[in-house]
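Below, each chain spelled out in residue letters.
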Amino acid sequence: MHYDPRQNDHGLPRDPFKALVAPRPIGWISTLDTAGRANLAPYSYFNAVSDRPYLVMFSSFGRKDSWANAEETGEFVCNLATYALREAMNATSASAPPEVSEFDLAGLEMAPSVAVRPPRVAASPVALECVTTKILPLQDAAGEAARYTMILGEVVHIHIDDAIIRDGFVDLARAEPIARCGYMDYAHVDGLFSMERPK
Ligand SMILES: Cc1cc2nc3c(=O)[nH]c(=O)nc-3n(C[C@H](O)[C@H](O)[C@H](O)COP(=O)(O)O)c2cc1C
C-alpha cells in the first residue's frame, strides 16, 4: 500500500505514522516552573541530535508545561525511561495542574541535579542535565506553522548508574530502556548485537 499522509487516506483504522518511525527513545523530561515546582513528563519525539556539542531535543504538541518550563527557566533534564519504571513513566503523562507534581503522582523520588536546578528521577539509571539552546517552531513544506515546537538543549552534566557499567562500557541491556512504537505499543531493549563499520 501507499498513500499521501497529507490526505491521511491510508484506509486503516488508525494513522500508522508513529508505528513507521519506531521505536523512538523516550525523553522523560523533568523541569521546574518559575515558582520552583517540579514537573515530569515523557516525550517520544525525542532524540540526541549532535555530540559536538552534545545536543538533545524534544518536540511538544502545543505549549505544554515541559516546553514552557524549559523556555522560561532555561533548563531541563532527560531521564532514561526503563522497563522497571514503565508504569511510573506512563503515570507522569497525565495532565496534572501545576500545583501537582508528577513525581508525587507517580510515587517517584527526586534526586538533585549537579549543574541545573530541575531534579532528576532518582530511580532512573541515566540523566542528562540540559541547558535550553533553542526553541524551534516547526513548519510544513509550504511554510505553514506546525502544531509541534522543538526544544533543543545542550547536555552539560551526565549521570550514569555504576550498576549499568560493565568493563568500562555502558551495558544498556542492564538498564532495559523502553521505547515508543505506534499505537499503545512499546519496545524494550533486553539484548544487543554488535557490528564493525566498514573501513
Ligand atoms: C510514551 C509517551 C510519549 C509521549 N510523547 C510526546 C511527545 O513527543 N510530544 C508531546 O507533545 N506529548 C507527548 N506525550 C504526551 C505528554 O507526555 C503529555 O501531554 C503530558 O501531560 C505533558 O506534560 P507537561 O505538560 O508536564 O509537559 C507522550 C506521552 C507518552 C505516554
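Below: a short report on this structure.

Scoring rules and cut-offs
- Residues numbered from 1 in each chain as written.
- Predicted model: local features only at pLDDT ≥ 70, side-chain atom pairs only at ≥ 80, totals over all residues.
- Heavy atoms only, no water.
- Salt bridge = Lys/Arg side-chain N within 4 Å of Asp/Glu carboxyl O.
- Near = heavy atom within 4 Å.
- Polar contact = N/O pair within 3.5 Å; in protein donor to acceptor, adjacent residues only side chain to side chain.
- Areas by Shrake-Rupley, 256 points an atom, 1.4 Å probe, with all protein chains shown as cover.
- Helix = DSSP H or I, 4+ residues; strand = E, 2+ residues; numbered from the N terminus.
- Nonpolar A, V, L, I, M, F, W, Y, C, P; charged D, E, K, R; others polar.
- Pairing = 2+ DSSP bridges.
- Phe/Tyr/Trp six-rings, centres within 6.5 Å; stacked < 30°, edge-to-face > 60°.
- Buried < 20%, exposed > 50% of the residue type's maximum accessible area, 1.4 Å probe, protein only.
- Lys NZ or Arg CZ within 6 Å of the ring centre and 35° of its normal.
- Core = buried A, V, L, I, M, F, W, Y, C linked by side-chain atoms within 4.5 Å.
- Contact = heavy atoms within 4.5 Å.
- Axes fitted to C-alpha atoms, helices over the stretch in contact; angles between N-to-C directions.

Taken as a whole and assessed by the stated rule, the structure comprises eight salt bridges. Connected via shared salt-bridge partners are R63, E71 and E72.

Attention now goes to the site of the ligand. Around the ligand sit 19 residues in total, of which N39, Y43, F61, K64 and S66 are the nearest. Between the ligand and S59, the relevant distance is 2.9 Å, taken from a nitrogen atom to a main-chain nitrogen or oxygen of the residue. Here the ligand has 650 Å² of accessible area as a free molecule, and 86% of this is covered by the chains. Contributing elements (two or more residues each) for the shell around the ligand: β3 (38-43), β5 (54-61) and α2 (65-73). By residue number, the principal contributor to the shell around the ligand is β3, which donates four residues. Looking at the shell around the ligand, its residues break down into seven nonpolar, eight polar and four charged.

With seven bridges joining them, β5 and strand β10 (residues 145-160) adopt antiparallel strand pairing. Bridging from a neighbouring strand, L55 pairs with E154 of β10. Across 12 bridges, strand β9 (residues 126-139) lies against β10 in antiparallel orientation. Considered in β10, the bridge of V131 is made with E154. Taken together, β9 and the strand that follows it, β10, pair antiparallel across an intervening segment of five residues, in which G143 is found at a positive phi of about 85°.

All right, on to the packing of aromatic side chains then. Overall, the coordinates contain four aromatic pairs when judged by the stated rule. Summarising the aromatic geometry, the rings of Y43 and F58 are spaced 4.9 Å apart at their centres and angled 55° between planes, so their arrangement reads as tilted. One end of the pair, Y43, is in strand β3; the other, F58, is in strand β5, and 15 residues separate them in sequence. A single burial state applies to Y43 and to F58, both of which are buried. The rings of Y43, F58 and F76 are connected pair by pair, giving a single aromatic cluster. A cation sits over an aromatic face here: R86 above Y83, 3.9 Å from the ring centre. For R180, the ring lying beneath its charged end belongs to Y186, and the centroid distance is 4.6 Å.

Bringing the sheet that holds strand β13 (residues 178-180) into the picture now. With respect to topology, three strands assemble into an open sheet ordered β1-β13-β14, the strand pairing being antiparallel. Edge positions in the sheet fall to β1 (24-25) and β14 (186-188), since each of these pairs with one other strand and no more. Bridge count between β1 and β13: two bridges; the pairing is antiparallel. Across the sheet, P25 pairs through a bridge with A179, a residue of β13.

Grouped together as the largest cluster of nonpolar side chains are 17 residues, with contacts concentrated most on V56, F58, F76, C78, L128 and C130. Residue assignment for this core shows that the elements contributing at least two residues are β3, β5, α2, β6 (75-80), β9 and β10. Look past the residues within four positions of F58 in its chain and what remains in contact with it is I29, Y43, Y45, F46, S66, W67, A70, F76, T149, M150 and I151. The next biggest cluster of nonpolar side chains, apart from the first, holds 14 residues, and it includes W28, A38, F103 and I178.

What follows concerns the sheet that holds β10. Ordered by their spatial adjacency, seven strands build an open sheet running β3-β2-β6-β9-β10-β5-β4, and the pairing between neighbours is antiparallel. With partners counted over all chains shown, the strands left at the sheet margins are β3 and β4 (46-51), one partner each. The average angle at which neighbouring strand axes cross in this sheet is 35°, direction not considered. One ladder, built from six bridges, connects strand β2 (residues 27-32) with β3; its direction is antiparallel. Its bridge partner being in β3, T31 is matched across the sheet by N39.

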